[in-house]
Structure formats: structure tokens, C-alpha cells
Amino acid sequence: RRADIQFDKAYLQLEKNGFTVMAGQLYFGGFGMTRAFHDSTAAGFIVKYDNFTIAHSKNSEENIGNETLQVNVLDGDSSTTAAEYQFKFDGGSVTPIIAYTSDGTTANEDILGLGLAGQFQLGPVALKGEFDYFDGDRDATYSGVSNTFSANEADLKGTQVFLDASMAATD
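All values derive from a computational prediction rather than experimental measurement. Along each chain, residue indices are assigned from 1 in the same order as the chain's sequence is written. Per-residue local features are limited, in this predicted model, to residues with pLDDT of at least 70; the limit for side-chain atom pairs, both in listing and counting, is 80 or more; totals at the level of whole chains, interfaces and linings are taken over all residues. With hydrogens and water stripped out, all remaining heavy atoms of the structure feed into the side-chain values.

Chemist: Summarise the overall build of the chain; cite the residues concerned and give the values.
Modeler: Only runs of H or I of at least four residues qualify as helices and only runs of E of at least two qualify as strands under DSSP, and these elements are numbered from the N terminus. Broken down by element type, the chain carries one helix and ten strands. Each helix (α) and strand (β) of the chain, taken in turn from the N terminus, gives the series β-β-β-β-α-β-β-β-β-β-β. Buried residues are those whose accessible area, probed at 1.4 Å on protein chains only, stays under 20% of the maximum for their type, while exposed residues exceed 50% and partly exposed ones sit between those limits. Considering the chain as a whole, with its 171 residues, one finds that 24% of them fall into the buried category. Contact criterion: two residues are considered in contact whenever any of their non-hydrogen atoms come within 4.5 Å of each other. Within the chain, counting contacts between residues at least 6 apart in sequence, those at least 24 apart form 43% of the total. For the chain, the exposed surface amounts to about 11100 Å²; the carbon and sulfur share of it is 54%. Under the convention used here, a 1.4 Å probe and the Shrake-Rupley method define accessible areas, while residue burial counts only the protein chains that appear.

Chemist: Tell me about the pairing of strand S2 (residues 19-27), and name the residues and values.
Modeler: We call two strands paired when DSSP finds no fewer than two bridges between them. Direction of pairing for strand S1 (residues 10-16) relative to S2: antiparallel, over a ladder of seven bridges. The residue bridging Leu12 from the neighbouring strand is Ala23, located in S2. The antiparallel pairing of S1 with S2 creates a hairpin that spans two residues between the two strands, and Asn17 there sits at a positive phi of about 50°. Two elements, S2 and strand S3 (residues 41-49), share nine bridges in a ladder whose sense is antiparallel. Each residue of the ladder has a partner; that of Tyr27, found in S3, is Thr41.

Chemist: Can you tell me about the pairing of strand S5 (residues 78-85), naming the residues and giving the values?
Modeler: Bridge count for strand S4 (residues 52-60) against S5 is eight bridges, and the pairing is antiparallel. Its bridge partner being in S5, Ile54 is matched across the sheet by Ala83. Sheet analysis places S5 next to strand S7 (residues 92-103), joined by seven bridges and oriented antiparallel. Bridge pairing in S7 places Ala82 opposite Ala99.

Chemist: How would you summarise the packing of aromatic side chains if you had to cite specific residues and measurements?
Modeler: When the centres of two rings from Phe, Tyr and Trp lie within 6.5 Å, Trp using its six-membered ring, the rings pair. Their planes under 30 degrees apart give stacked, over 60 give edge-to-face, and anything left gives tilted. Tallying each qualifying case throughout the model produces four aromatic pairs. Each ring, one from Tyr85 and one from Phe87, has its centre 4.6 Å from the other, and the planes form 65°; the classification is edge-to-face. The class for Phe87 is partly exposed, based on a relative accessible area of 46%.

Chemist: Tell me about the confidence of the model for the chain, and name the residues and values.
Modeler: Residue-level confidence of the predictor, termed pLDDT, takes values from 0 up to 100. Averaged over the chain, the pLDDT score is 83; the fraction of residues at 70 or greater is 78%. Per-residue pLDDT, averaged within each element of the chain, yields its smallest value for helix H1 (residues 67-71) (49) and its largest for strand S6 (residues 87-89) (95).

Chemist: Just give me the short version of a negative patch on the surface, but keep the residues and values in it.
Modeler: Patch membership requires more than 30% relative accessible area and the absence of a salt bridge. Residues of like charge join within 9 Å; the nonpolar side chains Val, Leu, Ile, Met, Phe, Trp and Tyr join within 5 Å. By definition here, a salt bridge exists when the distance from a side-chain nitrogen of Lys or Arg to a carboxyl oxygen of Asp or Glu is within 4 Å. Under the convention used here, Asp and Glu are negative, Lys and Arg are positive, and both His and the chain ends fall outside the count. Just so you know, the charge point we use is NZ for Lys, CZ for Arg, CG for Asp and CD for Glu. Where like charges cluster on the molecular surface, the negative patch consists of Asp137, Asp139, Glu153 and Asp155. Looking at the negative patch, the elements that each hand over two or more residues are strand S9 (125-143) and strand S10 (148-167). By the secondary structure assignment, Asp139 is in strand S9.

Chemist: Give a detailed account of a nonpolar patch on the surface, specifying residues and quantitative values.
Modeler: On the surface, a cluster of nonpolar side chains totalling about 750 Å² of accessible area is made up of Ile98, Tyr100, Leu112, Leu114, Phe131, Tyr133, Val161 and Leu163. Looking at the nonpolar patch, the elements with two or more residues in it are S7, strand S8 (109-122), S9 and S10. Mapped onto the elements, Val161 comes out in strand S10.

Chemist: How would you summarise the side chain of Glu109 if you had to cite specific residues and measurements?
Modeler: Following the sequence through the fold, Glu109 ends up in strand S8. A residue is classified by how much of its surface remains accessible, and Glu109, at 19% relative accessible area, is buried. Discounting chain neighbours no more than four positions away, the residues touching Glu109 are Thr101, Ser102, Asp103, Asp137, Arg138 and Leu156.

Chemist: An account of the pattern of salt bridges is requested, with residue identities and associated values reported.
Modeler: Applying the stated rule across the entire model yields one salt bridge. For Lys157, the salt bridge identified is with Asp135, shortest N-O distance 2.6 Å. Remark: Asp135 occurs in strand S9 and Lys157 occurs in strand S10; sequence separation between them is 22 residues. The exposed category is assigned to Lys157, whose relative accessible area is 55%. Judged by relative accessible area, which is 27%, Asp135 ranks as partly exposed.

Have a look at this one:
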């Protein structure tokens, strides 16, 4: 009897000369404090060196040998690439982030994300914040209800702000 097997995580991790390379089916953990960029489980790789991280994942693969996807016309490629570099200094850090998602499935979306995260220690007060900007477009959408395509072009734009200030009540 045939049974499907699903792997949540199955990856290889190598560490050498300050580099860490992970490749396979893994959780990408998101970039930035809000995890707004690349927070997914997919097949791909992550390379880390010092304060630099780059990741690429194949979120969906055209057909992938699954006839169900072809019947529902949901086949197509979708991938995400993201990078960040954490600049550290006395009392804090600043991290610029860039991410790009190319979705060739029936959603047909292209989204660019830019972010800037920072954390600062000002005496007893800890400040954290992040600003994210997203820009892209969607060309078409598939309606699974009627098995038809409908034109649904849209500009995809947005911003996100996260701020946090904290201080210990006592020593």
C-alpha cells in the first residue's frame, strides 16, 4: 500500500572557517524582528558568514510530479531570496534587509521587500524597531470554484512599522 511521506525538515548543515551552510528542506525562520521576510518552510539553502545571511528557497515547483496540482491548475514555480547584514556597534545594531519573491503560479506575483531593523541600549532603556516596505504586482488569479482564470491585476504595496521600548522595573 502506497503512503505519502512528508518531511517538515530534512537538511544538511556544514560549518567551516566561519561559514555555516544549510541546504535541504528547512525552516527559514524569517528575516528581521517581525519575520516579515522569508518566514517559511521550503527546499533551499541558507549561507551565514559573520553578520551576513543570505537565503534562497523554492516555495513550489512546477508540477512536482503531483497530478492533483495539475488538475487544479495550481502548478508553477515560486521562489524567495532574502539577505541581511547586521552592523553591530557599542550599544546596538542596525540591520538592512532585502527580499524578493517571484511567484509564477497562477497568482503570478512579484514582490520586493526592503527593511531596516535596529536595536539600541540607551542606559536602562532598550529600544527595538523595524520599518518594512513592500512593492510588487499581481497579474492574474485562479478561481478554484469555477475552474477559470479571472483578470485580477493589482499593485501590491505596503509598509509595516514595529516599535518596542522596555526597561527593567528594578535591578
